[in-house]
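Report on the structure
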Amino acid sequence: MAKVIDSKIPAGPVPEKWKEYKAHQRLVNPKNKLKLDVIVVGTGLAGASAAASLGEMGFNVINLCIQDSPRRAHSIAAQGGINAAKCYQNDGDSVYRLFYDTVKGGDYRAREANVYRLAEVSNNIIDQCVAQGVPFAREYGGMLANRSFGGAQVSRTFYAKGQTGQQLLLGAYSSLSCQVKAGKVKLYTRYEMEDVVIVDGRARGIIAKNLVTGELERFSANAVVIATGGYGNTYFLSTNAMGCNCTAAVQCYRKGAYFANPSYVQIHPTCIPVHGDKQSKLTLMSESLRNDGRIWVPKNIEDAKALQAGTKQGWEIPEVDRDYYLERRYPAFGNLVPRDVASRAAKERCDKGFGVNNTGLAVFLDFSESINRLGLDVIMQRYGNLFEMYEEITDVFPGDVANEINGVKYYKPMMIYPAIHYTMGGIWVDYELQTSIPGLFAIGECNFSDHGANRLGASALMQGLADGYFVLPYTIQNYLADQAVWPKVSTDLPEFAEAEKKVDAELDRLLNIKGKRSVDSIHKELGHIMWEYVGMGRTAEGLKTGLKKMHELEQEFDKNLFVPGTKEGLNIELDKAIHLRDFFTMGQLVAFDALSRNESCGGHFREEYQTEEGEAKRDDENYFYVGCWEYKGKGNEPELIKEPLEYEAIKVQTRNYKN
Ligand SMILES: Cc1cc2nc3c(=O)[nH]c(=O)nc-3n(C[C@H](O)[C@H](O)[C@H](O)COP(=O)(O)OP(=O)(O)OC[C@H]3O[C@@H](n4cnc5c(N)ncnc54)[C@H](O)[C@@H]3O)c2cc1C
């Protein structure tokens, strides 16, 4: 019999769902003396906010992260802002509109009810963060300022210069620290979860490695929450922090948690282009820059060739010879089309030979018009740190005037190109954010829940903090209410011993391969395969080739890897080897999912399925579902299980950003 997935969405029209749902809360009383323990893995915005909230509610929280401080989680890198439907600009925004934009932005592949709930709690997040002291940008009169992000025609993005993630994380960290001091949260920094322990079919604890001593430790609790981020680094080069990995998520998947929509990977249009084969990291230039920056390539192929040869500079090309291709193709949204659309449009221009740097893989992001209109001071107030970051990396300052043609000043434009940035797919969760393993929850970027096939800018922070502050702390109680009568299990149980033994054996296996290749050299090769065959444009044939190449490279990893040192003490190479082992599982999962989805939608673009204008062509008749994958062992094809999507409030239609 086909497996059925229960997403636990309460019945009723969408706007009522969350209200009804909240009426079901049972244990929300900070004063009660709960004897329930929850493990929260991760201290990014999702993990830190969840741990702080659960602690405040009276749970005993064990909170782990791989960095030396929660403040160093990848979330700190978030630049541009966080969305909320406050409608401070009085521009017609509403909860419904944010809900609608997010579902449409996700190319109608998100779960409708989840997105509505997200839009509804978005406003609470801003209030919560302001109360924590997060220094959001303000208007001259003191009101919180907003700017626009892709896929929206209103201004709903709250920001703190280009450092929004950092400021939000400092806010969450203050709340977390408060609970640490109160004794409700016990923090374990430099600990990595290596496995989840299942006892009688429920998640009851984890095995974690102390990254400093190398020792394995057992943790038991009444429920486990993973908030361990996305899997973008499978591609080796990405805008993600170097430490981002998918080990915890993949280990949960191996233990039976379904993995949903892995092929939905976001390629961000505005990143600093790759500039050499020794590079290990890419840098994002925030989408917020598209509020004032205009994207273009030359109209004439001769100009493009001259730019590629280095005999001409962008600022020598006059206005009339510039092709602002997003404004031309999508007049209604212009430079603020969603990321998948903007990335594909950049690739299309570069594939046709209009790229503007020596590799032909770059387009311009130009501030001349806005600096001329607003002045450099205003632009620096908005994006100063991003301009400085760009200058540090490329030695070009986008605020430098470089030319004057017919009385118009031309400033040095940025060069940008799409790069791997965010993963919409993740561990499958039901409406309560519980995975298919009872007692195991997933929040933030590591779950699949809200963004469908494409995430809109400034919505990841919104989702992470919604999950952590306002959703999980309530929904987890439906599970924990029944757990209150059960004692926490002992870590002496054979299930813990066996899980620890397996992790230990894996460490030995990796150390004892004693081959000739470093982790990074194999990871880089995996990244090339991913980008080439499972990247921005995918075909059935390419995906099959990619899978074959990944399989061969995984065998090379198993036979020819070299990890120096021992498992005792600090061994960063060993930790990276574990991550790479899991990137292999993840890469293949992305390819399997992409191969099974014979349509194009959002971040998943199958070249066989496109309109005459090169837009993604969905097939709602056959693929209107969440694709969930069940692990079937190393080297075996996982099994696809479908969760059909049901829309009640929004009419599913072809996305249109043209008018
Ligand atoms: C450059 C950049 C800019 C961005 N800008 C924006 C923006 O402006 N607006 C927006 O909405 N989004 C933005 N995003 C996306 C957003 O930053 C992330 O999606 C979000 O911060 C993820 O938060 P998280 O809490 O889910 O995970 P993370 O912040 O990735 O945190 C993961 C946590 O899990 C821990 N961890 C991981 N594995 C393990 C393990 N095995 N054991 C123990 N701990 C583990 C880590 O230590 C860390 O604490 C940006 C992303 C990038 C890369």
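Further up the page is the structure itself.
The notes below deal with the structure included here. Worth saying up front: this structure is predicted, and the values here are computed from it rather than measured.

1. Some remarks on the pattern of salt bridges
Within the structure shown, the criterion is met by 51 salt bridges. With its nearest N and O atoms 2.8 Å apart, the salt bridge here joins glutamate 348 to lysine 352. On the basis of relative accessible area, glutamate 348 is assigned to the partly exposed category, the value being 24%. Among the residues examined, lysine 352 registers a relative accessible area of 52% and is labelled exposed. Among the ionic pairs, arginine 618 bridges to aspartate 620, the shortest N-O distance being 2.8 Å. One network of salt bridges, in which partners are shared, links Asp107, Arg109, Asp340, Arg344, Arg597, Glu599, Arg618, Asp620 and Arg655.

2. As for unusual backbone geometry
A positive phi is found at phenylalanine 236, a non-glycine position, where the angle reads about 60°. With respect to the secondary-structure elements, phenylalanine 236 resides in the loop between strand S9 (223–226) and helix H6 (247–254). Accessibility expressed as a relative area gives 10% for phenylalanine 236, which makes it buried.

3. Description of the site of the ligand
In the vicinity of the ligand there are 38 residues, among which Gln67, Ser75, Gly80, Met193 and Glu445 approach most closely. The separation between an oxygen atom of the ligand and a polar main-chain atom of glycine 44 is 3.4 Å. Here alanine 227 contributes a backbone N or O atom positioned 3.3 Å from an oxygen atom of the ligand. Taken by itself the ligand offers 1,000 Å² of open surface, and the protein chains cover 97% of this. When residues of the shell around the ligand are traced back to their parent elements, those giving at least two are helix H2 (45–57), strand S2 (60–65), strand S6 (191–199), strand S17 (414–423) and helix H12 (460–483). Here the shell around the ligand gets three residues from one element, more than from any other, and that element is S6. Residues that form the shell around the ligand fall into these classes: 18 nonpolar, 17 polar and three charged.

4. Things to note about the environment of threonine 234
With respect to the helices, strands and loops of the structure, threonine 234 is situated in the loop between S9 and H6. Judged by its relative accessible area of 0%, threonine 234 is buried. Through-space distance from the C-alpha of threonine 234 to that of phenylalanine 99 is 30 Å; in sequence the pair is 135 residues apart. If sequence neighbours within four positions are ignored, threonine 234 has contacts with His523, Leu526, Gly527, Met530, Phe583, Met586 and Gly587.

What counts, and at which threshold
Residues numbered from 1 in each chain as written. Predicted model: local features only at pLDDT ≥ 70, side-chain atom pairs only at ≥ 80, totals over all residues. Heavy atoms only, no water. Salt bridge = Lys/Arg side-chain N within 4 Å of Asp/Glu carboxyl O. Buried < 20%, exposed > 50% of the residue type's maximum accessible area, 1.4 Å probe, protein only. Helix = DSSP H or I, 4+ residues; strand = E, 2+ residues; numbered from the N terminus. Near = heavy atom within 4 Å. Polar contact = N/O pair within 3.5 Å; in protein donor to acceptor, adjacent residues only side chain to side chain. Areas by Shrake-Rupley, 256 points an atom, 1.4 Å probe, with all protein chains shown as cover. Nonpolar A, V, L, I, M, F, W, Y, C, P; charged D, E, K, R; others polar. Contact = heavy atoms within 4.5 Å.

Honestly, that's just the spatial picture; any functional story needs more than this.
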